[in-house]
Amino acid sequence: MAAFIVRRLIQSVFVMFFVALVAFSLFRYVGDPINQMVGVETSLKERDALRERLGLNDPMPEQFWRFISSAAVGDFGISYQHKRPVSEMIALRLPATLELSLISAILSLAIGVPMGVYTGLHRDGLLSKVFMTVSLVGISLPTFLIGILMIYLFAVKMTILPSFGRGEVIQLGWWSTGLLTTSGLKALIMPSITLGLFQLTLIMRLVRSEMLEVLRTDYIKFARARGLSNRAVHFGHALKNTMVPVITITGLQLGSIIAFAIITETVFQWPGMGKLFILAIENVDIPIMAAYLLMIALFFVIINLVVDLLYYAVDPRLRIESGTAHGHG
Amino acid sequence: MALLEVHDLVVEFPTRRGVLTAVDEISLHIDEGEVLGVVGESGAGKSMTGNAIIGLLEPPGRIARGEILLDGRRIDNLPYDQMRTIRGKEIGAIFQDPLTSLNPLYTVGEQLVETIQTHTDMTPTQARARALELLIEVGIPAPERRVDQYPHQFSGGMRQRVVIALALCVNPRLIVADEPTTALDVSIQAQIIALLKRLCSEHGTAVMLVTHDMGVIAETADRVAVMYAGRIAEVGPVKQVVKRARHPYTHGLMGSIPVIGHDADRLTQIEGAMPRLTDIPTGCAFNPRCPQATDRCLRDRPEPMPTEDGQVACWLFEKEAAHV
Ligand SMILES: Nc1ncnc2c1ncn2[C@@H]1O[C@H](COP(=O)(O)OP(=O)(O)O)[C@@H](O)[C@H]1O
Ligand code: SF4
Ligand SMILES: [Mg+2]
C-alpha cells in the first residue's frame, strides 16, 4: 500500500515537472515578457535594467528553478495586464470555478448513478426508455446551446432564475462561497446543470451498460442461487462490480468538467478561472496562462491519485499480493 | 412422495424465428438423499432443466407448461421472494465454472457469512464460526487464514470447494450440480466429485448431478436420466443404464466409459450430431442417428414409457412397457 502510494506520488511529481517546463517555456518563447510589461515609451536602457532585475539574463536552469520553487509555494509572479500578483487573482476566482465544478460533478453522480442502476435493472421499462431517449439529447446537444436555452426559458421567460453571475457570496477567509445564500444557490442551478448534463448522461449510460454486463455474470447467478435478496444481489454484488469503470470515467470527467467550465462560465458570465484564462489569452498575459496550466495539471494529478486509491479500496485484485493461489486441488 | 418431482416440464425460448422448445415434456423425480445423474450431449437441455428447478431460467427462457414440486408443494410458480427462501436453503446449486462463481470483490468468508445470515438467525460471530467449520469440512487448509482471502487467491479446485461450502452452508435437501468439474483440471476432478459425494451422503443431501462424463455417473449416481434433444431418452438405476442400456442412444453413450478424469473420448461413439432446436426431426428425435430406426420412428414420436425400474422413450420397448 505505502509502496503503491509512493510510486504514484513520484509519477505525479514527474508529470508536474513536465507541465511546469511547458509553462515556463511560455515565458521564454511566447513574446518578450518585457514588451508585455512596459509601454512603448520605455527606453532600451530602462528595459535592460528591468530585464536584469527580473533575472531574465540568468542561465535558463536557474530561471526555471526560480519559477518552480516559487510556483510550489503559490507565487506565480505578477500579471502583465493587471499588475497584480497572479496568486491573488486566482484566489479570487478559484472558489467560483471549483464550487461550480464540484456541484456539477456531485449532481451528475447523484443523479446519473441511480438512473443508470434503474435503467439497467428495468431494461424494458417505460421510464427506462424515457431516460435513454432524454439522455441522447444530453449527449448530442452542445453545452452552450443547453445553457442558452435554459437562460431563455428560466431567466427571460419565467424570470425565476438569474441569467448571470454568482449571486450573493459569503467570505470564509479567502474563500468566497455562494453555497450559503439563497441567491448564490439559485445562481448555481442553471450553470451546474449545463456543465454537468453531459457527464450525467455519460455516467448514466455507463452504469447502465455495466449493470447489464455484470447482471449476466456467473457470480450474480450464483448469488441468486444462494437465495440472496434482490437488494443484496443488485446493490451489494452487482453495483459494486460496476464501480471500477465508473470511478475511472468519473475521475476523467471531473477533470474535463473543470476544464470545460470555460464555456459555461462564458455563457453565464460566471466569475471563475475560465473567464480569467480567456482574458489572459486575449492579452497574452503569460503569468496567468502559466498558472492556469499548472493548476489544471495539479487538479488532474490529484484526481488521478484519488482514482487510484479508490480502485485500490474497491478491487482486491489490484492490491499487490505477497503470495497468491496456494497449492493445488 | 419423492423429494423433488418434475411433471411434463416444458421450457421455451421466444426468438425472432419463433418459439424454441429447449426442454420438452420432461418428467423425473429425485428421492430424499438420492443422487440422480443427468447425462446427454451438450445442448440436450440439462442446464435448462436444472435452472428451471432452482427457478433461475435466464430470460427470455420460461417455463411454458408443467409443474415442479418440492415435498409435493409447487415451486415453479412462486414469486421471486418466496422462491429465494427455497433457493440456498432447500435447494442449493453448484455451477460449472468455479473461477467465475464467486464475487471477486468479497472475501470467501464474507460470501459464506452473507449466505448463512440470509437463511438463519445466526449472529455475525456464529456465522463466521460456521463459515470456518464449512471450510474445514470441504478440506481447505489453514481455514483461519483463508477465510479472509479473496477468490482470486484460491486455485480453481479450491474455489470449487468454496462453492460447495456455499451450496451446502445451510444444509439444503437437494443440490443441483451442473457440470461441477467440467471446468477443472483433470487431475482434481475426481477429488471434487469424491468430496461432493461424501458430503452429500453424510448430510443426506439429494443431488441432481449434471455431467457428460459417464465415468462420473457410474461411480456416483444411484439412478441416471439420459437426455437427448430436450427430452428424456431413458431413466433407470445406474447399474441397468450402464450395463443393460435400453435406449439405442444410451447404448451409443456407453460405447466406452472413460476412466474418471479422462475426458478424451467422451460421448464420441455415435455418428452424427444432435439436431439443433430449430430442426428437430419429426418422429423420434434420435432417428437420423439410430441404427435401429424403423418407418414408424420417422413418423411418430415415442412418449416416455414406464419400465420396471424407470422409463424409456423408444418404440423398441413398447411391448415391454405394456407388461409393467
Ligand atoms: N437464450 C437462449 N435462446 C435460445 N436458445 C437457447 C438459449 N439458451 C440456451 N438455448 C438452447 O437451449 C438448449 C438447451 O441448452 P442447455 O440446457 O444449456 O444444454 P446442456 O446444458 O444440456 O448442454 C440448447 O440447444 C441451447 O442452444
Ligand atoms: S424410437 Fe426408433 S429411432 Fe428412436 S431410438 Fe427407438 S428405435 Fe431409434
Ligand atoms: Mg449445460
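Residues numbered from 1 in each chain as written. Chains lettered and ligands numbered in written order. Predicted model: local features only at pLDDT ≥ 70, side-chain atom pairs only at ≥ 80, totals over all residues. Heavy atoms only, no water.

Peer 1: How should I be thinking about the side chain of Arg 47 of chain A in this particular structure?
Peer 2: Residue and element names in this part refer to chain A. Inspection of the secondary structure assignment puts Arg 47 in helix H3 (residues 44-53). Residue Arg 47 is classed as buried on the basis of its relative accessible area, which comes to 16%. When residues no more than four places from it in sequence are discounted, the contact partners of Arg 47 are Ile 34, Asn 35, Val 38, Gly 39, Val 40 and Thr 42. (Helix = DSSP H or I, 4+ residues; strand = E, 2+ residues; numbered from the N terminus. Buried < 20%, exposed > 50% of the residue type's maximum accessible area, 1.4 Å probe, protein only. Contact = heavy atoms within 4.5 Å.)

Peer 1: What is the right way to read the site of ligand 1 from this model?
Peer 2: Residues and elements named next belong to chain B. Surveying the vicinity of ligand 1 reveals the residues Phe 13, Ala 22, Glu 41, Ser 42, Gly 43, Ala 44, Gly 45, Lys 46, Ser 47, Met 48 and Leu 277. Within the backbone of Gly 43, a nitrogen or oxygen atom sits 2.6 Å from an oxygen atom of ligand 1. At 3.0 Å from an oxygen atom of ligand 1 is found a main-chain nitrogen or oxygen belonging to Gly 45. Protein chains bury 67% of the 570 Å² of accessible surface belonging to ligand 1 in isolation. Broken down by element, the shell around ligand 1 gets its largest block of residues, three residues, from helix H1 (residues 46-54). Its residues placed into classes, the shell around ligand 1 shows five nonpolar, four polar and two charged. (Near = heavy atom within 4 Å. Polar contact = N/O pair within 3.5 Å; in protein donor to acceptor, adjacent residues only side chain to side chain. Areas by Shrake-Rupley, 256 points an atom, 1.4 Å probe, with all protein chains shown as cover. Nonpolar A, V, L, I, M, F, W, Y, C, P; charged D, E, K, R; others polar.)

Peer 1: Can you walk me through the environment of Cys 284 of chain B in this structure?
Peer 2: Residues and elements named next belong to chain B. Relative to the helices and strands, Cys 284 resides in the loop between helix H11 (248-254) and helix H12 (295-299). A relative accessible area of 13% means that Cys 284 is categorised as buried. Residues Cys 284 and Glu 133 lie 151 residues apart in sequence; the distance between their C-alpha atoms is 50 Å. Contact partners of Cys 284, with chain neighbours within four places excluded, come to Cys 297, Asp 300, Arg 301 and Pro 302.

Peer 1: How should I be thinking about a nonpolar patch on the surface in this particular structure?
Peer 2: All names here are of chain A. On the surface, a cluster of nonpolar side chains totalling about 670 Å² of accessible area is made up of Val 137, Leu 141, Phe 144, Leu 145, Ile 148, Leu 149, Phe 260 and Ile 263. Among the secondary structure elements, those contributing two or more residues to the nonpolar patch are helix H7 (143-157) and helix H10 (230-267). Take Ile 263: it is sitting in helix H10. The class for Ile 263 is partly exposed, based on a relative accessible area of 36%. (Patch = residues over 30% accessible without salt bridge, like charges linked within 9 Å, V, L, I, M, F, W, Y side chains within 5 Å. Salt bridge = Lys/Arg side-chain N within 4 Å of Asp/Glu carboxyl O.)

Peer 1: I keep staring at the pattern of salt bridges and nothing clicks. Help me out?
Peer 2: A side chain with one charge can pair with a side chain of the opposite charge if their charged atoms come near. Residues and elements named next belong to chain B. The full count for this structure, using the stated rule, is 30 salt bridges over all chains. Salt-bridge contacts for Glu 90 lead to Arg 173; the nearest nitrogen and oxygen are separated by 3.4 Å. One end of the pair, Glu 90, is in the loop between helix H2 (80-86) and strand S6 (91-94); the other, Arg 173, is in the loop between helix H7 (156-168) and strand S7 (174-178), and 83 residues separate them in sequence. Here the residues in one salt-bridge network are Asp 24, Arg 231, Arg 301 and Glu 303, joined through shared partners.

Peer 1: Just checking my understanding: could you explain the confidence of the model for chain A for this structure?
Peer 2: In low-pLDDT segments, the atomic positions of the prediction should not be examined closely. All names here are of chain A. Considering every residue of chain A, the mean pLDDT works out to 86; 97% of them sit at 70 or more. Ranking the helices and strands of chain A by mean pLDDT puts helix H9 (residues 218-225) first, with 95, and helix H2 (residues 33-37) last, with 72. A low-confidence stretch, residues 322-329 (pLDDT under 50), is modelled with 16 contacts involving residues beyond four sequence positions or located in other chains. (pLDDT = per-residue confidence, 0-100.)

Peer 1: Before we go on, may I ask you to explain the sheet that holds strand S10 (residues 231-237) of chain B in this structure?
Peer 2: Across a sheet, paired strands are connected by hydrogen bonds in the backbone, their directions being either parallel or antiparallel. Residue and element names in this part refer to chain B. Overall, mixed pairing links the eight strands, which are arranged S6-S7-S8-S3-S9-S10-S12-S11 in an open sheet. Looking at strand neighbours, the two that pair on one side only are S6 and strand S11 (305-306), the edges of this open sheet. In the sheet, S6 pairs with S7 via four bridges, with the strands oriented parallel. Counterpart to Ile 94 in the pairing with S7 is Ala 177. In this fold H1 packs onto strand S3 (35-39), S6, S7, strand S8 (206-210) and strand S9 (223-228), with an angle of close to 150° to the strand it touches most, S8. (Pairing = 2+ DSSP bridges. Axes fitted to C-alpha atoms, helices over the stretch in contact; angles between N-to-C directions.)

Peer 1: Hey, could you run me through the interface of chain B and chain A in this one?
Peer 2: It is common to give the size of an interface as the accessible area lost on bringing the parts into contact. Across the boundary between the two partners, chain B contributes 37 residues, which contact 28 residues of chain A. Between the two partners, chain B and chain A, sit two salt bridges. Arg 226 of chain A serves as the salt-bridge partner of Glu 114 of chain B, at 3.8 Å between the closest nitrogen and oxygen. At the boundary of chain B and chain A, one finds 14 residue pairs in polar contact (both at pLDDT 80 or more). Residue assignment for the side of chain B that touches chain A shows that the elements contributing at least two residues are H2, S6, helix H3 (98-101), helix H4 (108-119), helix H6 (143-146), H7 and helix H8 (186-203) of chain B. Of the residues that constitute the side of chain B that touches chain A, the class distribution is 15 nonpolar, 14 polar and eight charged.

Peer 1: How should I be thinking about the sheet that holds strand S2 (residues 18-30) of chain B in this particular structure?
Peer 2: All names here are of chain B. Spatially, four strands are ordered S2-S1-S4-S5 in an open sheet, and the strand pairing comes out antiparallel. For this open sheet the edge positions go to S2 and strand S5 (73-74), each flanked by a neighbour on one side alone. In this sheet, S2 lies alongside strand S1 (residues 4-15) in antiparallel orientation, the contact comprising nine bridges. Of the residues in S2, the one forming a bridge with Leu 9 is Ile 26. Those strands touched by H1 are S1, S2 and strand S4 (62-70), and its axis lies near 110° from that of S1.

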